[in-house]
Amino acid sequence: MLSFYNTLTKSVEPFEPLNASCVKIYSCGPTVYDVAHMGNMRAFVFTDVLQRVVREVGGYPVRWVMNITDIDDKTIRDSSQGSEKWRSEMGEQSSDAKANLRTFTLFFESEFRRDLQVLGISMEHFYQMPRATEYIDDMQTLIRDIVDAGYGYASEGSVYFNVAAYAKDYSYGRLFAIDAENFREGVRIDADEYDRESVSDFVLWKGRKDSEPYWDFELDGENIPGRPGWHIECSAMSKHILGLPIDIHTGGVDLRFPHHEDELAQCCAGYHVDEQARFWMHNEFLEIEGKKMSKSLGNFYTLRDLEKMGHNPLDIRFALLAGHYRAVLNFTFDSLQAASTARTRVQNIIWDLLDAAGLDDATGLTGAMPPDVALAFGNDLNVPQALARMHEYLGANANVKSDPDAAREVLGALKAINNVLAVWTFTKRPAVNIPDAIRTLADQRWAARSAKDWADADRLRTELTNSGWTMKDGKDGYTLEPLS
Ligand code: AMP
Ligand code: ZN
């Protein structure tokens, strides 16, 4: 029933769990040095839809782990003394760099958890959300094992992965084709992020610098104070929490190299497994004007930015998931508006069905997902196709409003679809709250109309429309409805 595109084999493959008692999914989570932007949120909403499809369509229990990267170059930089990113809500900075790092990252972690919930990603669906700093022992053990196996070495106070030695025994470049010509043997790279032109020995453990937070690390009888490289974090946490191999590893396409390639190499080298994950799945970018939305380009919106502009988080979630996850998604306010219109149309149908079924609340209602909708979800998460099938199903059932039982059945089907999409509510239509300014405009228009001042009446109607309201004239008065 399920098939997914696997970056490892570059093909869509049938998905069978390694163990039917639970599907193990590991998602690379946020680096908590700032609030996440909508590009990051695309990656998290994609994984949320994936794990919901595995549960709802595949019928498997899921253990979903998303890590919190609370130690890396950026979290250290931005939590250090005098950093402009330090917020008053975090209290005073202390002289202890490790304590500052924790205070700083916990603050952005809690912002992140809030964002997830606002976007319909339920905390109950996570098996664990581990912090990297709480698994330093596991990382150190893995580094020792990599060194013992002959694939790592200490140099100038840090420890590196020996790519040339590894590539003799294993394949390096399984997730992302690497040109052997680009490999710079014997060159060491300390940065966590680098491009395919700089393939070289990457850092497993970074030696302590100045006043940075550090942990002691004993390797071959010597203490190497420092902190882990980014890639080793996910290798160690995925093994400790889920056990290897896992079923599915996820992240954005930018994580294929070096992060995921290096995670995989470390697991094979140190844990002596053939695979870290059976499936590797990567979402495409959210772009803005043809460029990846990113902090470094400064072309980003956060969830709070959009909320402040008055956008409904359910519309934002819908905009992020309605395209195929392997297609680039262009972020525009027009597309957000289009997503809102499409989502609201179905929400209105749900409210009508609730009225027809005589229900105030169908949250607990269960029903069967129409088979061809389930098929589309199971076919490499083809959400656009699933939505098309859902509309066909609704079209074929457009007349059920006079039959409460039939209305209930359609509601049940929509509820099952919403267990995957999580963009609609199943409680009664809320009473419309009309802002005072809109009420004033409508009163003015009613007065103009009564005075047969048609030009003014038309102008005021346009103003109302531009504010998102439609005014319907009756014999003795008017009604106002929000535009959907
Ligand atoms: P980071 O916090 O930078 O480690 O990123 C967290 C997740 O967001 C990773 O899976 C990235 O691949 C993903 N990501 C970052 N920028 C974008 C973007 N513009 N579109 C889609 N995914 C992104
Ligand atoms: Zn990772």
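See the structure shown above.
Trainee: How would you explain the nonpolar core if you had to name every residue and give the values?
Mentor: Grouped together as the largest cluster of nonpolar side chains are 83 residues, with contacts concentrated most on Phe4, Phe377, Leu421 and Trp424. Summarising the domain contributions, this core has at least three residues from each of domain 1 (1-283) and domain 2 (291-421). If sequence neighbours within four positions are ignored, Phe377 has contacts with Val53, Val57, Met369, Asn382, Val383, Ala386, Ile417, Val420 and Leu421. Counting residues in each nonpolar core, the second largest holds 54 residues, with Val147, Tyr172, Phe176 and Tyr194 among its members.

Trainee: Tell me about the site of ligand 1, residues and numbers included.
Mentor: In the vicinity of ligand 1 lie 18 residues, with Gly39, Gly252, Asp254, Leu286 and Met293 positioned nearest. The separation between a nitrogen atom of ligand 1 and a polar main-chain atom of Gly39 is 3.0 Å. In this structure, a nitrogen atom belonging to ligand 1 sits 3.3 Å away from a side-chain N or O atom of Asn283. In isolation ligand 1 offers 490 Å² of accessible surface; the protein chains occlude 91% of this area. Mapped by element, the contributors of at least two residues to the shell around ligand 1 are helix H1 (38-56) and strand E13 (246-252). In terms of residue count, H1 provides more of the shell around ligand 1 than any other element does, 4 residues in total. Across the shell around ligand 1, the residue classes tally to 7 nonpolar, 8 polar and 3 charged.

Trainee: Break down the coordination of the zinc ion (ligand 2) for me, citing the residues and quoting the values.
Mentor: Taken together, Cys28 (SG), Cys234 (SG), His259 (NE2) and Glu263 (OE) make up the full set of protein donors to the zinc ion (ligand 2), lying 2.0 to 2.7 Å away. For the zinc ion (ligand 2), the 4 donor atoms are set out with angles of 73 to 129 degrees between them, so the coordination reads as irregular. Sequence spacing of the donor residues for the zinc ion (ligand 2), all on one chain, is C-x205-C-x24-H-x3-E. Taken together, the residues Cys28 in the loop between strand E3 (23-27) and H1 and Cys234 in helix H6 (residues 230-242) connect sequence positions 206 residues apart. Using a relative accessible area of 1% as the deciding quantity, one classes Cys234 as buried.

Trainee: Report on the sheet that holds strand E15 (residues 286-288), specifying residues and quantitative values.
Mentor: Note: strands within a sheet are paired through backbone hydrogen bonds, in either parallel or antiparallel orientation. The strand order E16-E15-E17 describes an open sheet built from 3 strands, whose pairing is mixed. In this open sheet, the two strands that pair with only one neighbour each are strand E16 (291-292) and strand E17 (329-330).

Trainee: So what about the pairing of strand E19 (residues 478-482)? Which residues, and what values?
Mentor: Bridge count between strand E18 (residues 469-473) and E19: 5 bridges; the pairing is antiparallel. Within E19, the residue paired with Trp469 across the bridge is Pro482. Taking the residues between adjacent antiparallel strands as the criterion, E18 and E19 are bridged by 4 residues.

Trainee: If you had to explain unusual backbone geometry to someone new, which residues and values would you point to?
Mentor: For residues besides glycine, phi is generally negative; the peptide bonds are generally trans as well. Here Leu244 and Pro245 are connected by a cis peptide whose omega angle stands at -5 degrees. Examined against the element boundaries, Pro245 turns out to sit in the loop between H6 and E13. Cis geometry is adopted by the peptide bond preceding Pro258, which originates at Phe257 and carries an omega value of -5 degrees. Tracing the chain through its elements places Pro258 in helix H7 (residues 256-271). A positive phi is found at Leu381, a non-glycine position, where the angle reads about 50 degrees. Looking at the secondary structure, you find Leu381 in the loop between helix H11 (371-378) and helix H12 (383-396). Residue Leu381 is classed as buried on the basis of its relative accessible area, which comes to 3%. Its identity as a non-glycine residue notwithstanding, Lys452 has a phi of 55 degrees, on the positive side. When you line up the elements, Lys452 lands in the loop between helix H14 (436-450) and helix H15 (454-466). Lys452 sits in the exposed class, given a relative accessible area of 60%.

What counts as what
- Residues numbered from 1 in each chain as written.
- Chains lettered and ligands numbered in written order.
- Predicted model: local features only at pLDDT ≥ 70, side-chain atom pairs only at ≥ 80, totals over all residues.
- Heavy atoms only, no water.
- Core = buried A, V, L, I, M, F, W, Y, C linked by side-chain atoms within 4.5 Å.
- Buried < 20%, exposed > 50% of the residue type's maximum accessible area, 1.4 Å probe, protein only.
- Domains from an automatic or database assignment.
- Contact = heavy atoms within 4.5 Å.
- Near = heavy atom within 4 Å.
- Polar contact = N/O pair within 3.5 Å; in protein donor to acceptor, adjacent residues only side chain to side chain.
- Areas by Shrake-Rupley, 256 points an atom, 1.4 Å probe, with all protein chains shown as cover.
- Helix = DSSP H or I, 4+ residues; strand = E, 2+ residues; numbered from the N terminus.
- Nonpolar A, V, L, I, M, F, W, Y, C, P; charged D, E, K, R; others polar.
- Donors = N, O, S within 2.8 Å, 3.2 Å for Na, K, Ca; no water.
- Tetrahedral: all angles 85-135°; square planar, octahedral: opposite > 155°, others 65-115°.
- Pairing = 2+ DSSP bridges.

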